[in-house]
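Notes for the structure review
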Amino acid sequence: MLAQQQEAIAQHIENALAKMGVTDVKVTLERPKSAEHGDIACTVALQLARALKKNPREIANTIVETLMADEAAKSVILKAEVAGPGFINFTLNPAARFDVVRTVLNRGTAYGTTDAHKDESVLLEFVSANPTGPLHLGHARQGALGDVLANILATQGWNVTREFYYNDAGVQIGNLAKSIQLRGRALQGEAIDFPEDAYHGEYIIAIARDFLAKKPVTTTSGEVIESTGDLNDTDLVRRYGVAYLRNEQDDDLNALGVKFDNFYLESSLYKDGRVEKAVEAMKASGRTYEKDGALWLKTSECKDLGIIDDKDRVMQKADGTFTYFVPDVAYHLAKFERGYTKAVNIQGSDHHGTIARVRCGLQAAAPAFDFNIPVTFPEYILHKMLSVVKDGEPVKMSKRSGNYVTLRDLVEMAGRDAARFFLVARKADAEFVFDINLAQEKSDENPVYYLQYAHARICSVFANAAAKGYVVPSIEDLAQVDLGALDSDAATALINKIADYPAMLASAAKDNAPHTLCYFLKDLAAQVHTFYNAERIVIEDDTVRNARLALLGAARQVLANGLGLLGVSAPEQMARRED
């Protein structure tokens, strides 16, 4: 049901209630579970039973009688029936139902989009890996979730920025430099005992080999890092290794089809004095104290702000170094300062403890900057990890990384389309097993193939009609054809599913739930296949044929739109499915 139709029907019901002396009631509509119950269901009579002290069926019957006496309402509503304890089921006039087909054909790629949030900006931070090695499966899941959510938010008018936060400061970077130096010396023939905390894998060998060969590295910002080949120059080795791995990670992300609008360096927070300013602001709030030579934040006392933590947290250790959440607070102050009143962080579930610390720190620091930061800023999507199986056996490691499956491994094994879809298809907080064999199957069991085949099947219907010598109207002309022949249950079910697309996108954006798009597309593809099997499309009757082509053309457009948001291709031709 189109939004304007839903609003119109809700208004007609509210008008009917007003004639009954009932006002200030918010009418909500929903899709009936069974198509035989009509197009729209309403439970307002059940809601009003207690207030009006009447049987809900009696209230429902009065609403129906009042509605169907209104000519304006009858122009949209064909039939209204009371069912069960007081449900009202509505069947739309055919012309109203067919509006969605015409709307899709007319709007094309814009169908489902809105400018509701055109004046609002949102920053999505995801992946944000340490530049110390190839991206792993967790980063792959973040990359797909973040990129698809960004696409969905954009359909609602949000000005979206995708940001990668580089943790380029700290112990791990020093350990990277040490690992490259040790591997370089081993390449020069020295006998080296590699410590347990050293980074392993072929990528370290490649960096050391290129450093010794004095191959320059160009950073993502265009800076050229020249190598002298001197392994004793630790600072140069560090900068060279970080630049090298940033390029490697960019290549990994490109393989998954993920790009970022901005890269933010943790080191810049220290260089610009933002960390110190954040600490001073938190201290000024009175929510810090010193104990055992360390500086603590009273996170356990942030309950008054609706933020729950079981104990206080160290901000600055006795040796003067800051714990990891402190630069996070400084970073999020910078996000808010840049004008982002909505920010979403996509991270692994091991970051759960970070939420309370960062939010408490932000609330403590905000007054010093004269910021009015929402308590729920930033929002978090925490994802569970996934495992990969092939031929029934777990895939556990990669030569490139040394001890884990990389993002690039996943894309090379499954393909970009399957990788992106599978990584988004379940709720972020659900664990799942990525089955490589399933991702490669050409059968209905593979959801990616199932969706793509639905799109290709529609394309083949259009091609078949043209091959048989029929005049196939353009999309613009299909939007004008007589749709009266679309009166079957299969056609109605497909129209209703197409009509649900805009509301689904709005809900997915509101709830930060990109997986709902995957659910929707699987249901839409099922309705396409059902309609195809139930109706002969390429027939001699021009009116019936063109009506059915128009419906399939609308379904094809919605499939293409949804697959585009997922970053999955919509092929026009595919091999026949395996039986």
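Everything below is about the structure shown above.
Residues numbered from 1 in each chain as written. Predicted model: local features only at pLDDT ≥ 70, side-chain atom pairs only at ≥ 80, totals over all residues. Heavy atoms only, no water.

Broken down by element type, the chain carries 22 helices and 17 strands. Dimensions of the chain, computed from the C-alpha atoms along their principal axes, are close to 90 × 65 × 40 Å. Buried positions account for 54% of the 579 residues belonging to the chain. When the accessible surface of the chain is split by element, carbon and sulfur atoms take 47% of a total near 26,100 Å². Side chains of the chain give 64 positive and 78 negative charges; the mean places of these two sets differ by 1 Å. (Helix = DSSP H or I, 4+ residues; strand = E, 2+ residues; numbered from the N terminus. Buried < 20%, exposed > 50% of the residue type's maximum accessible area, 1.4 Å probe, protein only. Areas by Shrake-Rupley, 256 points an atom, 1.4 Å probe, with all protein chains shown as cover. Lys, Arg positive; Asp, Glu negative; His and termini not counted. Charge placed at Lys NZ, Arg CZ, Asp CG, Glu CD.)

With that out of the way, let us pick up the nonpolar core. Formed by 100 residues in total, the largest nonpolar core has its most connected members in Phe434 and Ile498. In this structure Ile498 touches Val100, Val104, Tyr111, Leu524, Leu551, Ala554, Ala555 and Val558, once residues within four positions along its chain are discounted. Membership of the second largest hydrophobic core comes to 34 residues, among which are Val275, Leu295, Leu333 and Tyr380. (Core = buried A, V, L, I, M, F, W, Y, C linked by side-chain atoms within 4.5 Å. Contact = heavy atoms within 4.5 Å.)

Take the sheet that holds strand S17 (residues 432-435) next. Strand order in this open sheet of three strands is S16-S15-S17, and the pairing throughout is mixed. Of all strands in the sheet, those bounded by a partner on one side alone are strand S16 (393-394) and S17. One ladder, built from two bridges, connects strand S15 (residues 386-390) with S16; its direction is antiparallel. When the sheet's bridge partners are listed, Lys390 is paired in S16 with Glu393. (Pairing = 2+ DSSP bridges.)

For Thr492, the location among the structural elements is in helix H19 (residues 489-499). Judged by relative accessible area, Thr492 falls into the buried class, the value being 14%.

The next point concerns the pairing of strand S14 (residues 379-383). Consecutive side chains of a regular strand alternate in pointing toward one face of the sheet and then the other. Counted residue by residue, S14 has four buried out of five residues, so it is predominantly covered. Of the pairings in the sheet, the one linking strand S13 (residues 342-348) to S14 comprises five bridges and is parallel in character. When the bridges of S14 are listed, Gln347 appears paired with Leu382. Read as a crossover between parallel neighbours, the route from S13 over helix H13 (residues 352-369) to S14 is right-handed. (Right-handed = clockwise from strand over helix to strand, strands pointing away.)

Turning our attention to helix H3 (residues 56-68). With 13 residues, H3 should cover 18 Å at 1.5 Å per step; its first-to-last C-alpha distance of 18 Å lies within 8% of that length. All of the buried residues in H3 are Pro56, Ile59, Ala60, Ile63, Val64, Thr66 and Leu67. The arc that holds every buried residue of H3, seen down its axis, measures 165°, which confines them to one face. Put simply, Asn55 is the residue that caps the front of H3, since its side-chain oxygen is 2.7 Å from the backbone nitrogen of Arg57. (Expected span 1.5 Å × (residues − 1). Arc of directions from axis to C-beta. Polar contact = N/O pair within 3.5 Å; in protein donor to acceptor, adjacent residues only side chain to side chain.)

So, on to the sheet that holds strand S10 (residues 288-291). Strand order in this open sheet of three strands is S10-S11-S12, and the pairing throughout is antiparallel. A strand with exactly one partner marks an edge of an open sheet, and here the two such strands are S10 and strand S12 (313-316). For this sheet, the mean inter-axis angle between neighbouring strands, taken without regard to orientation, is 45°. By the bridge criterion, four bridges tie S10 to strand S11 (residues 294-297) in an arrangement that is antiparallel. Among the inter-strand pairings, Lys291 is bridged to a residue of S11, identified as Ala294. Together, S10, S11 and S12 form the strand contacts of helix H11 (residues 274-284), whose direction differs from that of S11 by roughly 65°. (Axes fitted to C-alpha atoms, helices over the stretch in contact; angles between N-to-C directions.)

Examined bridge by bridge, strand S3 (residues 77-83) and strand S4 (residues 87-92) share six bridges and lie antiparallel to one another. Residue pairing across strands places Ala83 opposite Phe87, the latter belonging to S4. Where S3 hands over to S4, the hairpin turn is made up of three residues, of which Gly84 adopts a positive phi near 55°.

Under the criterion given, the structure shown has 23 salt bridges. A salt bridge links Asp523 to Lys497, with the shortest nitrogen-to-oxygen separation between them at 3.9 Å. Separated by 26 residues along the polypeptide, Asp523 in helix H21 (residues 515-534) and Lys497 in helix H19 bring together distant segments of the chain. Residue Lys497 is classed as buried on the basis of its relative accessible area of 17%. Connected through salt bridges with shared partners, the residues Asp147, Arg162 and Arg420 form a single ionic network. (Salt bridge = Lys/Arg side-chain N within 4 Å of Asp/Glu carboxyl O.)

We now examine the packing of H11 against helix H12 (residues 325-337). Their axes nearest at 9 Å, the elements H11 and H12 cross at an angle of 95°. When the axis of H11 is compared with that of H12, the two are roughly perpendicular. Here Arg274, Val275, Ala278, Val279 and Met282 of H11 lie close against H12, whose contacting residues are Val326, Pro327, Val329, Ala330, Leu333, Ala334 and Glu337. Grouping the constituent residues of the contact of H11 with H12 by class yields ten nonpolar, no polar and two charged. (Parallel < 35°, antiparallel > 145°, perpendicular 65-115°, else oblique. Nonpolar A, V, L, I, M, F, W, Y, C, P; charged D, E, K, R; others polar.)

In this section: helix H8 (residues 202-212). Think of an α-helix as turning once every 3.6 residues; residues three or four places apart then point the same way. Along H8, the positions that sit buried rather than exposed are Tyr203, Ile204, Ile207, Ala208, Asp210 and Phe211. One face of H8 carries all of its buried residues, which in axial projection span an arc of 165°. Those residues of H8 that are buried are in contact with helix H7 (171-187) and helix H9 (234-256). Looking at the residues trailing H8, positive phi occurs at Lys214, about 60°.

Now for the packing of aromatic side chains. Considering all chains together, one arrives at 20 aromatic pairs under this definition. A centroid spacing of 5.9 Å and a plane angle of 40° characterise the contact between Phe164 and Phe263, whose relative ring orientation is tilted. Taken together, the residues span a long stretch of sequence, with Phe164 in strand S6 (residues 159-166) and Phe263 in strand S9 (residues 262-265) at a distance of 99 residues. Residue classification places Phe164 among the buried residues on the basis of a relative accessible area of 0%. Overall, Phe263 belongs to the partly exposed group, its relative accessible area being 29%. Relative to Tyr331, the ring of Tyr165 has its centre 4.1 Å away and its plane inclined at 10°; by these criteria the two rings are stacked. Taken together, the residues Tyr165 in strand S6 and Tyr331 in helix H12 connect sequence positions 166 residues apart. Note on accessibility: Tyr165 and Tyr331 belong to one class, buried. Between the NZ or CZ atom of Arg183 and the centre of the ring of Phe194, over which it lies, the distance is 4.1 Å. (Phe/Tyr/Trp six-rings, centres within 6.5 Å; stacked < 30°, edge-to-face > 60°. Lys NZ or Arg CZ within 6 Å of the ring centre and 35° of its normal.)

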